[in-house]
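Here is how the chains run, residue by residue.
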Amino acid sequence: MAAIFALCDCNNFYVSCERVFNARLVNRPVVVLSNNDGCVVARSNEAKALGIKMGVPLFQAQHIIDAHDVQVLSSNYALYSDMSHRVMSVLQDFTPEIELYSIDEAFLNLEHNVASGSLSDFGRKIRQTIYQWTGIPISIGMAETKTLAKLANNLAKKSEKAKGVLDLSCSPYQDHALECTPVGNLWGIGRQYAKLLNSHGITNAKQFRDVDIRWARKTLTVVGARIVEELRGNSCLPLESFPPAKKSLTCSRSFGHSVETLSDLREAVATFTVRVAERLRKNKLVAGAITVFVATNRFAKDAPYYADSATIEMAYPTDTTPELLERSMKCIEKLYRAGCKFKSAGVLLNALAPASPMTIRMNNDKQWVKSRSLIRAVDRINARMGRDTIKFGIVGVEQRWKTKFEKRSARSTTNWNEILAIA
């Protein structure tokens, strides 16, 4: 039996998460901002209709926001991550064959549901259940390949008739759907590929599907040829139920205020090191190298631009925060420049490997074994009692450099102090 893929995509995800806990935002124009409240990273349909573009700096859209009483919110990543987990958990109740593609998208394999009745009805059942259990509206596109399912999902969002669910598998309307889709909107076709195809008179997905496969491979490499095959209904992209092993882990931020002192820069980098070390242990990995990078504001007119990085390779791979902190602080000593106003910094862990048995040390370092046991106890306490219940003193208290979230909503699902209260 041929595979049938479904792409489930949460509609305006960040905005939808905010609306679950604030009904006053429903049917009103809403935008969500990036770190430091800089740019628009999510928009409601009402905000899109007003002409607010994705990625636009807040100050450039301020006149529209003021004129139309647009609701502006800071990013609330703790809330979005938790709501994403809830949505994906519900999807797994419908099929175990699922690929978590992004925070708000997942591919499903529905080949075992074909015989159970209409796929459109099944899709509507998924959509209704997700909304009932989480409050998040989703769109679902179904087809024989992941590329066609992605295309069907885009059409499902826009079509009043589809009402959020569109099945293009073996559909007589598939040609029409491809003809209505600009080639630049295809999954895997970037801006440069779109320009190249347009220069050859290929403007929609149907025209691209019908090109000579040899020409596609020669012009757009194997990637283009694979997209053509997918548009023809030949599946080339299997479901990735198990994500590929991570090659690196990064924690980086732009600062809410410029950092000039070494102590503040050490605080920031220490905080990023602690965070990325937590993720390292969560993924059951160890790191063989650590890189710290810093940068000033490239657009500042009163000071020259400075950016640099430093890397330390470790004799033994590690997942303990104290060892990683020791090395990240050495990196900062090398990178700091007096008089520089640092705007951002980050910590990158690479040369990753499974935590066992790579963490066994030849000299049986008892101090290291003790440190590793201690840090795992800290992880358990923080997981149970809340992040930073126990923390390293080097990360500081005030953290004047901290990223700005001046308009952030309550973290209603992950923080007991901010849980939703009904008066």
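Everything in this summary refers to the structure shown in the same document.

### Some words on helix α12 (residues 321-335)
Note that an α-helix has 3.6 residues per turn; residues three or four places apart therefore point the same way.
At step 1: For α12, which comprises 15 residues, the first-to-last C-alpha distance of 21 Å matches the rise-based estimate of 21 Å (1.5 Å per residue) to within 8%.
At step 2: Along α12, the residues classified as buried are T321, E323, L324, L325, R327, S328, M329, C331, I332 and L335.
At step 3: Residues of α12 that are buried make contact with α11 (262-282), β10 (285-296), β11 (307-318), β12 (342-350) and α14 (366-385).

### Focus on the sheet that holds strand β7 (residues 138-143)
At step 1: The strand order across the open sheet formed by five strands is β5-β6-β1-β7-β8, and the pairing between neighbours is mixed. Two strands in the sheet have a free side with no partner beyond their single neighbour: β5 (98-102) and β8 (165-167). Taken over all neighbouring pairs, the strand axes of this sheet differ in orientation by 15° on average, direction set aside.
At step 2: In the sheet, β7 pairs with β8 via three bridges, with the strands oriented parallel. If you follow I140 over to β8, its bridge partner there is V165.
At step 3: Sheet strands in contact with helix α4 (residues 77-94) are β1 (5-10), β5 and β6 (105-109), and its direction is about 160° off that of β5.

### As for the pairing of strand β2 (residues 30-33)
At step 1: Here β2 shows a buried face lined by V30 and V32 and a second buried face lined by V31 and L33.
At step 2: One ladder, built from four bridges, connects β2 with strand β4 (residues 71-74); its direction is parallel. Residue V30 lies in a different strand from β4, and its bridge partner there is Q71.
At step 3: Examined bridge by bridge, β2 and strand β3 (residues 40-43) share three bridges and lie antiparallel to one another. Residue pairing across strands places V32 opposite A42, the latter belonging to β3.
At step 4: Connecting β2 to the next strand, β3, in antiparallel fashion are six residues, including N36 with a positive phi near 65°.

### Remarks on the environment of V259
At step 1: Position of V259 relative to the elements: it lies in strand β9 (residues 249-259).
At step 2: Separated by 82 residues in the primary sequence, V259 and A177 place their C-alpha atoms 52 Å from one another.

### Concerning the environment of C236
At step 1: With respect to the helices and strands, C236 occurs in the loop between α10 (213-231) and β9.
At step 2: Sequence separation between C236 and T145 is 91 residues, and the spatial gap between their C-alpha atoms is 7.6 Å.
At step 3: Once residues within four sequence positions are removed from consideration, C236 is found in contact with R226, E229 and E230.

### Quick notes on the packing of aromatic side chains
At step 1: Applying the stated criterion across every chain, the model contains 13 aromatic pairs.
At step 2: Measuring from ring centre to ring centre gives 6.2 Å for Y14 and Y77, while their planes differ by 75°; the resulting arrangement is edge-to-face. Of this pair, Y14 sits in helix α1 (residues 13-21) while Y77 is found in helix α4, placing the two residues 63 residues apart along the sequence.
At step 3: Residue class for Y77 comes out partly exposed when judged on its relative accessible area of 37%.
At step 4: Aromatic pair Y101 and F107: ring centres 5.6 Å apart, planes at 75°, arrangement edge-to-face.
At step 5: Here F107 falls in the buried class, since its relative accessible area comes to 0%.
At step 6: Site record: aromatic cluster; members linked through ring pairs are F13, Y14, Y77 and Y80.
At step 7: The residue whose ring lies beneath R298 is Y305, and the NZ or CZ to ring-centre distance is 4.7 Å.

### A few points about unusual backbone geometry
At step 1: Within the chain, D37 stands out as a residue other than glycine whose phi angle is a positive 55°.
At step 2: Assignment of secondary structure puts D37 in the loop between β2 and β3.
At step 3: One non-glycine residue, K284, lies in the positive phi region at around 55°.

### Focus on the packing of helix α6 (residues 146-158) against α10
At step 1: Contact geometry of α6 with α10 gives a least axis separation of 7 Å together with a crossing angle of 70°. Taken together, the axes of α6 and α10 lie roughly perpendicular to each other. Contacts between α6 and α10 involve K146, T147 and L148 from the former and I227, E230 and L231 from the latter.
At step 2: Here the residues of the contact of α6 with α10 sort into three nonpolar, one polar and two charged.

### Focus on the pattern of salt bridges
At step 1: The final tally for this structure, using the stated rule, is 20 salt bridges.
At step 2: Across the pair D69 and R28 runs a salt bridge whose closest N-O atoms are separated by 2.7 Å. Of this pair, D69 sits in the loop between α3 (58-68) and β4 while R28 sits in the loop between α1 and β2; the two residues are 41 residues apart in sequence, bridging distant segments of the chain.
At step 3: A residue is classified by how much of its surface remains accessible, and D69, at 46% relative accessible area, is partly exposed.
At step 4: Of the residues examined, R28 reaches a relative accessible area of 28% and is grouped as partly exposed.
At step 5: A single salt-bridge network, built from bridges that share partners, covers D175, K206, R209 and D210.

So, how was this worked out
- Residues numbered from 1 in each chain as written.
- Predicted model: local features only at pLDDT ≥ 70, side-chain atom pairs only at ≥ 80, totals over all residues.
- Heavy atoms only, no water.
- Helix = DSSP H or I, 4+ residues; strand = E, 2+ residues; numbered from the N terminus.
- Expected span 1.5 Å × (residues − 1).
- Buried < 20%, exposed > 50% of the residue type's maximum accessible area, 1.4 Å probe, protein only.
- Contact = heavy atoms within 4.5 Å.
- Pairing = 2+ DSSP bridges.
- Axes fitted to C-alpha atoms, helices over the stretch in contact; angles between N-to-C directions.
- Phe/Tyr/Trp six-rings, centres within 6.5 Å; stacked < 30°, edge-to-face > 60°.
- Lys NZ or Arg CZ within 6 Å of the ring centre and 35° of its normal.
- Parallel < 35°, antiparallel > 145°, perpendicular 65-115°, else oblique.
- Nonpolar A, V, L, I, M, F, W, Y, C, P; charged D, E, K, R; others polar.
- Salt bridge = Lys/Arg side-chain N within 4 Å of Asp/Glu carboxyl O.

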